[in-house]
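Tertiary structure, described
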Amino acid sequence: MFSLSCVMIVFQKRLLKKQKNIEIIMNSKNLLNSNAIKTLYLKKSRFTEMLIEENALDQSGFERWIFCHGMQFNSPDKWWGDHGLRDYPHEGIDLCLYKDRSSRIRRINEKTRIPVMQDGIVKAIFKDYLGKAVIIEHEYSGSKTGWLLSLYAHTNPHSEIEAGVIVKEGDIIAALADTSNLKSNIIPHLHFSLGLPSKAFSFDGFVWNTIRTPEMITLLDPLAVIDWPYEALEAEDPACREL
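Residues numbered from 1 in each chain as written. Predicted model: local features only at pLDDT ≥ 70, side-chain atom pairs only at ≥ 80, totals over all residues. Heavy atoms only, no water.

1. Let's talk about the overall build of the protein chain
For clarity, the threshold we go by: Helical segments are the DSSP runs of H or I of at least four residues, strand segments are the runs of E of at least two, and each set is numbered from the N terminus. Whether two residues are in contact is decided by their heavy atoms: any pair within 4.5 Å suffices. Throughout, the Shrake-Rupley method with a 1.4 Å probe supplies accessible areas, and for residues the shown protein chains are the sole cover considered.
Broken down by element type, the protein chain carries 5 helices and 15 strands. Considering only contacts within the protein chain whose residues lie at least 6 apart along the sequence, 64% involve residues at least 24 apart. As displayed, the protein chain offers around 13,200 Å² of accessible surface, 50% of which is attributable to carbon and sulfur atoms.

Pasting the structure below:
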């Protein structure tokens, strides 16, 4: 009996270790580096604070971000339209809803000014299906290449924002794209992605599918750096079903 108990203890320890390892797998195609995750969590940004200040959202009291099912990183589901499956797990987070001090859920709109989260260099701008995406490269000691990429998609970039421009933390790089005349029937929102580029990565021909290539970019959950309270709603919540 003693021998059997020892075997069971060893088995349980191995099982717990395996479960812990599974927790850092965001999807089967994109295994994240646990050391990079720990470092990234220590490097918060003032992104939400700056967005609130630039758009006077504090007047109603910006309490927390609101995420409907499908808006968070790696979600397989849509939060718009038929609420079916995405073509690919969500590559970032979608920011469009927040709760004010009166617990009312509000939306940011196409006039919302988008600040850059940290100092960096604009490396690419390309069209996405709701507007344009701006890619910023930041110095980052937690990656093998020394760089971290931030992507701000579904926007209308300011005219002076182009590849090669140096930006400082808090600089306004774009406004949200106006989606009212699009057939997609999706409300204005910011798609925000973070990624660690590999040594094989290149900005040549950068398009949306580039961030879906784990050999080129290791995607990270942006919730680690926006540094603000948030609330995730169930898929059946009325606030989400009406989107």
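Moving on from the coordinates now.
2. Brief notes about the packing of aromatic side chains
Using the following cut-off: By convention, a stacked pair of Phe, Tyr or Trp rings (six-membered ring in the case of Trp) has centres within 6.5 Å and planes under 30 degrees apart, an edge-to-face pair has planes over 60 apart, and any other such pair is tilted. Each residue is placed in one exposure class: buried if its accessible area under a 1.4 Å probe, protein chains only, is under 20% of its type's maximum, exposed if it is over 50%, and partly exposed if it falls in between.
The tally for this structure, following the rule as stated, stands at 13 aromatic pairs. Both rings, one in F201 and one in F206, keep their centres 5.8 Å apart while their planes meet at 75°; by these two values the pair is edge-to-face. Look at F201 and you get buried, because its relative accessible area is 13%. Its relative accessible area of 8% is what places F206 among the buried residues.

3. Here's the deal with the layout of surface pockets
The cut-off we apply is this: A pocket, in this scheme, is an open set of points on a 1 Å grid over the protein atoms alone with protein on both sides within 12 Å along at least 5 of 7 lines, while a cavity is a set where a 1.4 Å probe fits but cannot get out; residues line either one if an atom lies within 4 Å of a point. Grid points are joined across faces, edges and corners, and a volume is the space filled by probe spheres set on the points.
Of the pockets and cavities examined, the second largest pocket occupies roughly 300 Å³. Around the second largest pocket, the lining comprises 15 residues; the ones closest to its centre are W80, R86, D87, Y129 and R212.

4. Re the state of the cysteines
Convention followed: Working definition: a disulfide is two cysteine sulfur atoms within 2.5 Å of each other.
Under the defined criterion, the tally for this structure stands at 1 disulfide. No disulfide involves C96; its sulfur sits 6.9 Å from the nearest other cysteine sulfur, which is in C68. On the basis of relative accessible area, C96 is assigned to the buried category, the value being 0%.

5. A short note on the pattern of salt bridges
For the record, the criterion: Criterion for a salt bridge: a side-chain nitrogen of Lys or Arg within 4 Å of a carboxyl oxygen of Asp or Glu.
Evaluation of the coordinates by the stated rule reveals 10 salt bridges. A salt bridge links R46 to E169, with the nearest nitrogen and oxygen atoms 3.3 Å apart. Placement of the pair is R46 in the loop between helix 2 (34-42) and helix 3 (47-54) and E169 in the loop between strand 11 (166-167) and strand 12 (172-176), with a sequence separation of 123 residues. With relative accessibility at 37%, the residue E169 sits in the partly exposed group. Measuring nitrogen to oxygen at the nearest pair gives 3.0 Å for the salt bridge that ties E54 to R113. With a gap of 59 residues between them, E54 in helix 3 and R113 in strand 7 (residues 113-115) connect regions that are remote in the sequence. For E54, a relative accessible area of 34% puts it in the partly exposed group. In this structure, a network of salt bridges that share partners links the residues R46, E49, E53 and E169.

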